[in-house]
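A look at the structure
If you want the building blocks of each chain, they are given just below.
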Amino acid sequence: MSTTLEAPAKRPSEARERLLRTASELFYREGIHSVGVDRIVAEAQVTRATFYRHFPGKEELVQAYLEREDAGIRSMFAGAAPLASSPEQLLDLAIRGIADDVARNHTRGCPFINASAEYPDPQSPVRVTVREHRAWFHDTLETALVAAGRADAAEKARALVLLRDAALVGGYLDGASAITPTFVRTARTIAQLD
């Protein structure tokens, strides 16, 4: 029995959540640099002081937005794992989950690619956040491919990351209905599920 008392997890304030939700919607829909702090503050219905209490500046808000996107994708993968009865089924669920994401959630392209286009300095904290997400995504796919016994798992994972990038951009430019069947077919071939 533990004698250490743990403090309950502190919930983020409602104002911070409103700021992050508002910024996430605006950044994804209109672009990061085209949306100013004043607009985010107004639409989130908070004061400027409240904004700066939660985020030292806009770049930290952008990082929080990307971390929120990252958490959503990680949650999708975590939710798929218990549903899979085999490593192959997990790969299939991941591929279908990405296709669904392209069609439902990310209809304006990849938030990480979009952010990278607006932050060209590879050393910026925003680009570091993007790089960390991409490394996790690649490693997660590679782990699933290794578990499924696929040779050249690292290369196949790189191909699947590249294919996801293409599907997100293609879904935005050409429409998800035109892109997702091709994405699923090609991804299943790369993962040797056919």
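Quick caveat, the model's predicted, so the values are computed rather than measured.

By a widespread convention, an interface's size corresponds to the accessible area lost as its parts come together. Parsing the protein chain into structural domains produces domain 1 (13-56) and domain 2 (59-191). Computed from C-alpha atoms alone, the centre-to-centre distance between domain 1 and domain 2 is 26 Å. If you look at the interface, domain 1 gives 17 residues, while domain 2 gives 16 residues. Each partner contributes to the roughly 1400 Å² buried at the junction of domain 1 and domain 2, and carbon and sulfur atoms together form 67% of this total. Summed over the three residues of domain 1 that lose the most area to domain 2, namely Tyr-28, Ile-32 and His-33, the buried surface amounts to 47% of that side. On inspection of domain 1 and its partner domain 2, the count reaches 0 salt bridges. Where domain 1 packs against domain 2, one counts 7 residue pairs in polar contact (both at pLDDT 80 or more). It is helix α1 (residues 14-30) that provides the largest number of residues to the side of domain 1 that touches domain 2, a total of 10 residues.

About the cut-offs
Residues numbered from 1 in each chain as written. Predicted model: local features only at pLDDT ≥ 70, side-chain atom pairs only at ≥ 80, totals over all residues. Heavy atoms only, no water. Domains from an automatic or database assignment. Contact = heavy atoms within 4.5 Å. Buried area = accessible area lost by both parts, 1.4 Å probe. Salt bridge = Lys/Arg side-chain N within 4 Å of Asp/Glu carboxyl O. Polar contact = N/O pair within 3.5 Å; in protein donor to acceptor, adjacent residues only side chain to side chain. Helix = DSSP H or I, 4+ residues; strand = E, 2+ residues; numbered from the N terminus.

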